[in-house]
Amino acid sequence: MNSKILFQMDENDTISSKISENFNKNPKKLYIFSGTFKESGFDILEEEFIDTKSKKYIVIGIDKKNTTKLMLDNLLKYTKDIYIYNNNQVVEFDSSILIFEFQDKAIMYNLSSNFSEGGLINNKSLYLETVYNLKDTDDKKLYKEMIKSITSIVENEDSKFEKLTKEMVDELQNNKEIFTTKQYIHNVKSISELLGKEPNIKPEKKEMTKDEIDDIYVSNIEIPKIKIDDLDIDDLDIDISDLDNEQIKIDNKEKKSDDKIDIEKSNEQIKGKIDNTDNIDDYKDNDVDEVNDFYDEQLENIDFDENETLDIANLLFSKADLKLDIDNAKKEVDKEDKIEDDELVKVKKLNLNNISNFIFELPSMSKSTKSQDVLKIPNYISKMIPNFFEISDNSKTVEKDNGVYKIRDINIELVDVKTGEKYTDREAKISYKVGQSYVTINSSAFKNLSYNEFDIARIIKLDSKVYHIEIIPSNIQEYKLWSKLCNQEFKASKRKYGMM
């Protein structure tokens, strides 16, 4: 057994590169023990899972923050030996170990970081590499005992580790044990409920019956016309203080449309009110003084002729000094609406069926030789713009040893924008492995280029079988233009993409 401490310092010497290096040697078995297993870390491992026949034994912790249903579903496509521990509890599962078992040796990596893009590529971290010589009897025995002791604990029925199944994934999502948007929907209590009071529930709106509506709307009752020319105003001494709260109700059920209101009956009611009023002589002197307080000296200057006829209509209904120009007012309103409409920004709705440009920020270039001739596009993007890749319609199905593929033959023109170099590949392909989480564009022309993370690839579809691809480095002026069009973030990644 031999151990040494390594330091992940830069992109040229990473844990991810060690993983690719060991997968290229075709290990017999792979063991993963990870308490924090993120989707970005799984994406790095999945690149190696696709083309390997290694047996995989995976033990991970799950939680609401890092674990997604899509990741668990994809893990089950590569192996059934998956055990999970619920880290939403008080006691969590902590581990970060990766073991490659070969015919003659086993290599174990004890990581100080978690399984994520940062932990496997970007972060500065120390990790321990231990090599067991399986040709040596003592080393082989020590290694076998270590693996047996760990797996026996995981598989023990009394432990809190559970073997993952497809049905369990759905149950975890429904119970909100893994990431789901449903967990952020809460019923917030009102202040009265927090204080222990019953909430004020607004009564339901009750529809009015036809009879109730008829009691309100009396438009079919003829309104009487009262002539006041023959009335002697001096004879009227009416106190209406008692009538303030009186309401006169006309029941439409008892009145027909051709009925007329009995004026004499109304006059008798008014007379009854007059008889019940107090005599003016009963007012006290102090009441008269209160009235005098409201005396206006300006009334002395008014000339009043008691024999002059009063124009009651003119007194009650005064005329406005200004004439309301309704037509001009309407024009002003229409003009304001028009100005507001002109100030609005008109946005054209994007038709995903007519996308001709797909622009995205690239991941860091793979250290694995077999992965350097591909560009990977997440499967949910290809489903969003199916006419751009035409996987479903114009592909052929090919069965291989490691799965079923859908493949399209295309022509590619590749341009390095910085140098101006152009490369053509008439044997390029767009392929998708059934069950895989991404679509690949395979071309030997990609090996002629080198790019860094967050450099931009612009894919232009010129024809059903012809694609023009530009690689735009982040250190040139043109990059600023295309980066502004990348306004959507990839899932579980800081990289962005855009469409035209």
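As the structure is a prediction and not an experimental result, all values here were calculated from the model.

**Student:** Which residues make up the confidence of the model for the protein, and what are the values?
**Tutor:** In this model, the protein carries an average pLDDT of 77, and 66% of its residues clear a pLDDT of 70 or more. Here residues 282–288 scores under 50 on pLDDT; set against residues more than four positions off or in separate chains, the count is 0 contacts. Every residue in residues 293–299 is under pLDDT 50, and counting partners more than four places away or in other chains gives 1 contact.

**Student:** Which residues make up the nonpolar core, and what are the values?
**Tutor:** Counting residues in hydrophobic clusters, the biggest one holds 40 residues, and the most contacted among them are Ile32, Phe37, Phe49, Leu75 and Leu164. The dominant element in this core, judged by the number of residues it contributes, is helix α3 (residues 69–78), at 5 residues. Residues in contact with Ile32, not counting those within four places in the same chain, are Phe37, Leu45, Phe49, Tyr57, Ile58, Val59, Ile97, Leu98 and Phe115. The next biggest cluster of nonpolar side chains, apart from the first, holds 32 residues, and it includes Leu362, Ile410, Leu414 and Tyr497.

**Student:** If you had to explain the packing of helix α2 (residues 39–49) against α3 to someone new, which residues and values would you point to?
**Tutor:** For the pair α2 and α3, the least separation of the axes is 11 Å and the interaxial angle reads 25°. Classified by the interaxial angle, the pair formed by α2 and α3 is roughly parallel. Every pair of crossing elements has a handedness; the one defined by α2 and α3 is left-handed. On α3, the residues touching Glu39, Phe42, Glu46 and Phe49 of α2 are Leu70, Met71, Asn74, Leu75 and Tyr78. Taken together, the residues of the contact of α2 with α3 sort by class into 6 nonpolar, 1 polar and 2 charged.

**Student:** Tell me about α3, and name the residues and values.
**Tutor:** Most of α3 is tucked away: 7 of the 10 residues are buried. Among the residues of α3, those classed as buried are Met71, Leu72, Asp73, Asn74, Leu75, Leu76 and Tyr78. Residues of α3 that are buried sit in contact with α2, β3 (55–62), β4 (82–86) and α6 (166–174).

**Student:** Could you give an account of the environment of Asp136, with specific residues and numbers?
**Tutor:** When you line up the elements, Asp136 lands in the loop between β7 (125–133) and α5 (137–155). On the basis of relative accessibility, which here comes to 34%, the residue Asp136 falls in the partly exposed class. Counting along the chain gives 31 residues from Asp136 to Lys105, while the straight-line C-alpha distance between them is 9.3 Å. Polar side-chain contacts of Asp136 include one of 3.1 Å to the backbone nitrogen of Asp138. A distance of 3.0 Å separates a polar atom in the side chain of Asp136 from the backbone nitrogen of Asp139.

**Student:** Before we move on, can you summarise the sheet that holds β4 with the specific residues and values?
**Tutor:** Spatially, 8 strands are ordered β1-β7-β6-β5-β2-β3-β4-β8 in an open sheet, and the strand pairing comes out mixed. Since the sheet does not close on itself, it has two edges, and those belong to β1 (2–8) and β8 (162–163), each with one partner. Contacting β2 (29–34), β3, β4, β5 (96–101), β6 (105–111) and β7, α5 crosses the sheet at an angle of about 120° to β7.

**Student:** I'd like a rundown of the packing of aromatic side chains, residues and numbers included.
**Tutor:** Throughout the structure, instances matching the rule amount to 20 aromatic pairs. Centroid distance Phe388 to Phe389: 5.0 Å. Interplanar angle 75°. Geometry classified as edge-to-face. Side by side, Phe388 and Phe389 carry an identical accessibility label, which is buried. Linked through ring pairs, Phe23, Phe49, Tyr78, Phe100, Tyr109 and Tyr127 together constitute an aromatic cluster. The ring centre of Tyr405 lies 4.7 Å from the NZ or CZ of Lys400, which sits over that ring. A cation over a ring is seen here: Lys491 above Tyr380, with NZ or CZ 4.5 Å from the ring centre.

**Student:** Describe a nonpolar patch on the surface, listing the residues and the values that go with them.
**Tutor:** Together, Ile5, Phe7, Met9, Leu126 and Leu128 line one region of the surface with nonpolar side chains, adding up to about 470 Å² of accessible area. Inspection of the secondary structure puts Ile5 in strand β1. Residue classification places Ile5 among the exposed positions, given a relative accessible area of 63%.

**Student:** Now, about the pairing of β7: what can you tell me, with residues and values included?
**Tutor:** Of the pairings in the sheet, the one linking β1 to β7 comprises 7 bridges and is antiparallel in character. By the bridge assignment, Asn2 is partnered in β7 with Val131. Strand direction decides the pairing type here: β6 and β7, joined by 7 bridges, are antiparallel. Bridge assignment links Ala106 to a residue of β7, and that residue is Tyr132.

**Student:** Before we move on, can you summarise the pattern of salt bridges with the specific residues and values?
**Tutor:** Here the structure, examined in full by the defined rule, presents 13 salt bridges. A salt bridge links Lys25 to Glu21, with the nearest nitrogen and oxygen atoms 4.0 Å apart. The partly exposed category is assigned to Glu21, whose relative accessible area is 40%. Among the charged side chains, a salt-bridge network with shared partners connects Lys69, Asp73, Lys166 and Asp170.

**Student:** Lay out unusual backbone geometry in plain terms, naming residues and giving numbers.
**Tutor:** Most peptide bonds are trans, and most residues other than glycine sit at a negative phi. One non-glycine residue with positive phi stands out, namely Asn26, at about 55°. Of note in this structure, Phe454 is not a glycine but carries a positive phi near 75°. Of note, Phe454 is situated in the loop between β14 (438–442) and β15 (456–463).

Reading the values: the criteria
Residues numbered from 1 in each chain as written. Predicted model: local features only at pLDDT ≥ 70, side-chain atom pairs only at ≥ 80, totals over all residues. Heavy atoms only, no water. pLDDT = per-residue confidence, 0-100. Contact = heavy atoms within 4.5 Å. Core = buried A, V, L, I, M, F, W, Y, C linked by side-chain atoms within 4.5 Å. Buried < 20%, exposed > 50% of the residue type's maximum accessible area, 1.4 Å probe, protein only. Helix = DSSP H or I, 4+ residues; strand = E, 2+ residues; numbered from the N terminus. Axes fitted to C-alpha atoms, helices over the stretch in contact; angles between N-to-C directions. Parallel < 35°, antiparallel > 145°, perpendicular 65-115°, else oblique. Left-handed = near helix turned anticlockwise from the far one by under 90°. Nonpolar A, V, L, I, M, F, W, Y, C, P; charged D, E, K, R; others polar. Polar contact = N/O pair within 3.5 Å; in protein donor to acceptor, adjacent residues only side chain to side chain. Pairing = 2+ DSSP bridges. Phe/Tyr/Trp six-rings, centres within 6.5 Å; stacked < 30°, edge-to-face > 60°. Lys NZ or Arg CZ within 6 Å of the ring centre and 35° of its normal. Patch = residues over 30% accessible without salt bridge, like charges linked within 9 Å, V, L, I, M, F, W, Y side chains within 5 Å. Areas by Shrake-Rupley, 256 points an atom, 1.4 Å probe, with all protein chains shown as cover. Salt bridge = Lys/Arg side-chain N within 4 Å of Asp/Glu carboxyl O.

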